[in-house]
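# Reading the structure
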Amino acid sequence: MKRDDSNGGSNVRRLEKHMSLWNRLFNLLAVRRGALRLRRWLKLALLLVPIFALLWIGVSYLLEKAYGLSVEQIRFKSADDIINKQQALDILELGDSVNMATLNTESLRRKLEANDAIRSAAIRAELPDTLYIEVDERIPIVYVTWEDGARSGDNTKLFMDPEGVLFAVNDELHRNFLGVPTWYLRPGDAEELKPGVKIDPHKVRPIARLIAASNLYTPEEIPPITEIFRPKDWQIRLILDNGAEITMEVRNIREQMDRLAMILDHARATHRRVRTVDVIPALNPTVIFEDESSDKQSNQ
């Protein structure tokens, strides 16, 4: 059936005649304003599309370049030359190809510091291709073990640093420190022996001072200390590499080491071997030589 469009058109015109001039003008202006807004949005869209396209291309390019960056140089620094570059990389488990974009330096730092032989670490990445690694190691000054270990069956043996922190012995990392003395702890000196435990500073301080003072002398002047005991809180007993037994007190350790050096120098000059020395007295320290009976004493 054919639709009569002429009736529809005439109906619209009749409705328009009943509308006021103002309404007809308002509707016309609204349509024009809508058309203008649409044109402006179209122009803005046409302007923004290439801008966003350029941004997308730029970001994609930068991401592609970033993910293509790999670490080409590793600069390593050790505070005390205990841990070398390769050992640090082994701890970090870094492979041959390390991407700068995905590198988490904070995670790597925590990984280094989780090793109880390392006191602190710092890692930073510098574009385009350099990784900086710095480590501050714990310096072993003595082994520590229980004095009654043979009797109790606990033969745990750890290193201790000057701050009293205990850490595991690693023959590879600490190959230059395997000859340090052993400090035999009494039951009250530490709650337990395990890495990370820190011994009371009041107990550690005399031992640290003793090691520092002994390092001022050559092995010819004072033979290396092999064993350290604390029979009493105020007393230290040393066993030297030549078998001599030395009694000291926890105060004035440097002065006592000076006296010991003079006694040993006198013994060498007179071709005698020292068996025991009490260096606590500032004047006339007590000395027993190997060629003397146990009840005969010589005062220097």
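Figured I'd write up the structure that's included with this text. Here the residue numbering is sequential within each chain, running from 1 through the sequence in written order. With the structure being a predicted model, the display of local features is reserved for residues of pLDDT at least 70 and the display and counting of side-chain atom pairs for 80 or more, all residues being used for whole-chain, interface and lining totals. Excluded from the side-chain calculation are hydrogens and water; included are all heavy atoms of the structure.

With that out of the way, let us pick up the sheet that holds strand 2 (residues 118-126). Spatially, 1-3-2 is the arrangement adopted by the three strands of the open sheet, whose pairing is mixed. The strands lining the two open edges of the sheet, one partner per strand, are strand 1 (73-78) and strand 2. Between one strand and the next, the sheet's axes are offset by a mean angle of 15°, whatever the strand orientation. Paired strands, as defined in this entry, are two strands with at least two bridges between them according to DSSP. Helical segments are the DSSP runs of H or I of at least four residues, strand segments are the runs of E of at least two, and each set is numbered from the N terminus. In this sheet, strand 3 (residues 130-137) lies alongside strand 1 in parallel orientation, the contact comprising six bridges. Bridge pairing in strand 3 links Phe76 to Ile133. Any two residues having at least one pair of non-hydrogen atoms within 4.5 Å are treated as being in contact. Axis lines are fitted to C-alpha atoms, over the contacting stretch for helices. Their N-to-C directions set the angle, which ranges from 0 to 180 degrees. Against the sheet, helix 3 (residues 85-92) contacts strand 1, strand 2 and strand 3, and its axis sits at roughly 110° relative to strand 1. Docked against the sheet, helix 4 (residues 105-113) engages strand 2 and strand 3, running at close to 160° with respect to strand 2.

A few words on the pairing of strand 7 (residues 182-185). Every other side chain in a regular strand lies on the same face of the sheet, so the side chains alternate between the two faces. We call a residue buried when its accessible area falls under 20% of the maximum for its residue type, exposed when it is over 50%, and partly exposed in between, using a 1.4 Å probe and counting protein chains only. In strand 7, alternate side chains face the same way, and those of Thr182 and Tyr184 on one face and Trp183 and Leu185 on the other are all buried. Bridge analysis of strand 4 (residues 142-146) against strand 7 gives four bridges, and the strand direction is parallel. Across the sheet, residue Tyr143 finds its bridge partner in strand 7, namely Thr182. Where strand 7 lies against strand 8 (residues 225-229), three bridges are found, and the strand directions are parallel. Residue pairing for strand 8: Thr182 is matched across the bridge by Glu227. Whether a crossover is right-handed depends on one test, that the path from the first strand over the helix to the second runs clockwise when the strands point away from the viewer. Traced from strand 7 through helix 6 (residues 201-214) to strand 8, the parallel crossover comes out left-handed.

When the charged atoms of two side chains with opposite charge come close together, those side chains can pair. Counted as salt bridges are all cases of a side-chain nitrogen of Lys or Arg within 4 Å of a carboxyl oxygen of Asp or Glu. For the structure shown, the criterion picks out 18 salt bridges. When the shortest N-O distance is used, the salt bridge between Glu163 and Arg138 registers 3.9 Å. You can see Glu163 sitting in the loop between strand 5 (158-160) and strand 6 (166-167) and its partner Arg138 sitting in the loop between strand 3 and strand 4, a full 25 residues away along the chain. We classify Glu163 as partly exposed; its relative accessible area is 35%. Here Arg138 falls in the buried class, since its relative accessible area comes to 14%. A salt bridge links Asp189 to Arg186; the nearest nitrogen and oxygen atoms lie 4.0 Å apart. For the residue pair Asp189 and Arg186, the accessibility class agrees, reading buried in each case.

Our focus in this paragraph is a nonpolar patch on the surface. On the surface, Trp41, Leu44, Leu47, Leu48, Ile51, Phe52 and Leu55 cluster together to form a nonpolar patch covering roughly 720 Å² of accessible area. Tracing the backbone through its elements, the reader meets Leu48 in helix 2 (residues 21-67). On the accessibility criterion, Leu48 (32% relative accessible area) is partly exposed. Like-charged residues within 9 Å of one another, or nonpolar side chains (Val, Leu, Ile, Met, Phe, Trp, Tyr) within 5 Å, are grouped into patches, provided each residue has over 30% relative accessible area and no salt bridge. Calculation of accessible area relied on Shrake-Rupley with a 1.4 Å probe; when residues are assessed, cover is drawn exclusively from the protein chains displayed.

Right, let's get into the nonpolar core. Within the largest apolar cluster, 41 residues are counted, with the highest numbers of intra-cluster contacts made by Met160 and Ile228. Of the residues forming this core, the biggest block, seven residues, is contributed by helix 7 (residues 253-269). Beyond its immediate stretch of four places on either side in the chain, Met160 contacts Ile139, Pro140, Ile141, Val142, Val144, Val165, Leu166, Phe167, Trp183, Ile199, Val204 and Ile207. Residues grouped as a nonpolar core are buried Ala, Val, Leu, Ile, Met, Phe, Trp, Tyr and Cys residues, joined through side-chain atoms within 4.5 Å. Ranked by size, the runner-up nonpolar core spans 24 residues in total, among them Ala88, Ile123, Val135 and Tyr143.

Our next topic: the side chain of Thr182. When you line up the elements, Thr182 lands in strand 7. If we skip the residues at most four places from it in the chain, Thr182 touches Tyr143, Thr145, Lys157, Thr226, Glu227 and Ile228.

One can find Arg259 in helix 7. Separated by 24 residues in the primary sequence, Arg259 and Leu283 have C-alpha atoms spaced 9.4 Å apart. Setting aside residues up to four positions removed in sequence, Arg259 forms contacts with Val279, Ile280, Pro281 and Ala282. At a separation of 2.8 Å, a polar atom in the side chain of Arg259 contacts the main-chain carbonyl oxygen of Val279. Each polar contact in these results corresponds to two N or O atoms within 3.5 Å; when the atoms are within protein, one needs to be able to donate a hydrogen and the other to accept it, and residues that are neighboring in sequence are counted only if both atoms are side-chain atoms.

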